[in-house]
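Understanding the architecture of this molecule
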Amino acid sequence: MAERRILLVEDDESHAELIKRAFEDRPAIILTVAHRIDQAVRVLQDGMPDMVIADLRLPDGRGIDLCRGKDFPIVIMTSQGSEGDAVEAMRAGALDYIVKSDLMFSEMPHVVDRALREWQLERAHARATRQLQSQYEVASALATSVSLEQAGPRILESICDCVEWPLGELWRVDEQAQVLRRVAFYATEPELARVETEGGEPVF
């Protein structure tokens, strides 16, 4: 089994220890423990884990805060569950919301397996949706444009959105001049656009 890196954000040492024990027979699981939100953020800055398990209430914030802009599956835990907290966690993007107990701690490997499967299915569905949308945009751009130069920006943007590229260029062969000419340039962020403007004239 491939290694899976899991970040556990839990300020209660006894709870963290029980969860660690639940994974003792899973050598492929690399479990890192953070006790505060700021510690978790520093861990995330060093590289995205395969999954995050976070307590709802922590000394310097709430585990839900880690859901914002996430690119990883996250499960939220709480000692005292409430319907309002559960709804908020799921709306924020958590894949699961669980109430702490000795039984739940022992079942954590199964919780992780289920959440990772759901995450993979969600991402596969999102990719398929982006691909269909991109195919439509490309076909529509070609059908409503009189030239590749006119359709190029829309085609390039749809392709970059589909494959989640922050930067892209579209080139075509000018057979008469026997050179490559850039048809379109796309960047998701202003600082990336400076790659084009500060690079001087396009290379032919």
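Anything mentioned here points back to the structure above.
Residues numbered from 1 in each chain as written. Predicted model: local features only at pLDDT ≥ 70, side-chain atom pairs only at ≥ 80, totals over all residues. Heavy atoms only, no water.

Notes on the overall build of the chain
For the chain, the count of helices and strands is seven helices and nine strands. Its C-alpha radius of gyration of 23 Å places the chain more than 25% over the 17 Å reference for a compact globule of 204 residues. The dimensions of the chain, computed from C-alpha atoms along their principal axes, are 75 × 35 × 35 Å. In the chain, which comprises 204 residues, the share counted as buried stands at 35%. Carbon together with sulfur atoms contributes 51% to the accessible area of the chain, which is approximately 12,200 Å² in total. Of the charged side chains in the chain, 23 are positive and 37 negative; the average position of the first set lies 2 Å away from that of the second. (Helix = DSSP H or I, 4+ residues; strand = E, 2+ residues; numbered from the N terminus. Rg over C-alpha atoms; globule rule 2.2 N^0.38 Å. Buried < 20%, exposed > 50% of the residue type's maximum accessible area, 1.4 Å probe, protein only. Areas by Shrake-Rupley, 256 points an atom, 1.4 Å probe, with all protein chains shown as cover. Lys, Arg positive; Asp, Glu negative; His and termini not counted. Charge placed at Lys NZ, Arg CZ, Asp CG, Glu CD.)

What to know about the nonpolar core
Leu7, Val9, Val52, Ala54, Leu66, Ile74 and Ile76 are the most contacted members of the largest nonpolar core, which totals 20 residues. Put simply, the parts of the chain that give this core at least two residues each are β1 (4-9), α2 (37-45), β3 (51-55), β6 (74-78) and α3 (83-92). Among the elements that make up this core, the one with the highest residue count is α2 (three residues). Beyond its immediate stretch of four places on either side in the chain, isoleucine 76 contacts Ala54, Leu56, Gly63, Ile64, Ala89, Ala94, Asp96, Tyr97 and Ile98. In this structure, Ile6, Leu8, Met51 and Trp119 belong to the second largest nonpolar core, which totals 19 residues. (Core = buried A, V, L, I, M, F, W, Y, C linked by side-chain atoms within 4.5 Å. Contact = heavy atoms within 4.5 Å.)

Notes on the sheet that holds strand β7 (residues 96-99)
Ordered in space as β2-β1-β3-β6-β7, the five strands form an open sheet in which the pairing is parallel. At either margin of the open sheet sits one strand with a lone partner, and together these are β2 (29-34) and β7. For this sheet the average axis-to-axis angle between neighbouring strands, irrespective of direction, equals 20°. As judged from the four bridges shared by β1 and β3, these two strands associate in the parallel manner. (Pairing = 2+ DSSP bridges. Axes fitted to C-alpha atoms, helices over the stretch in contact; angles between N-to-C directions.)

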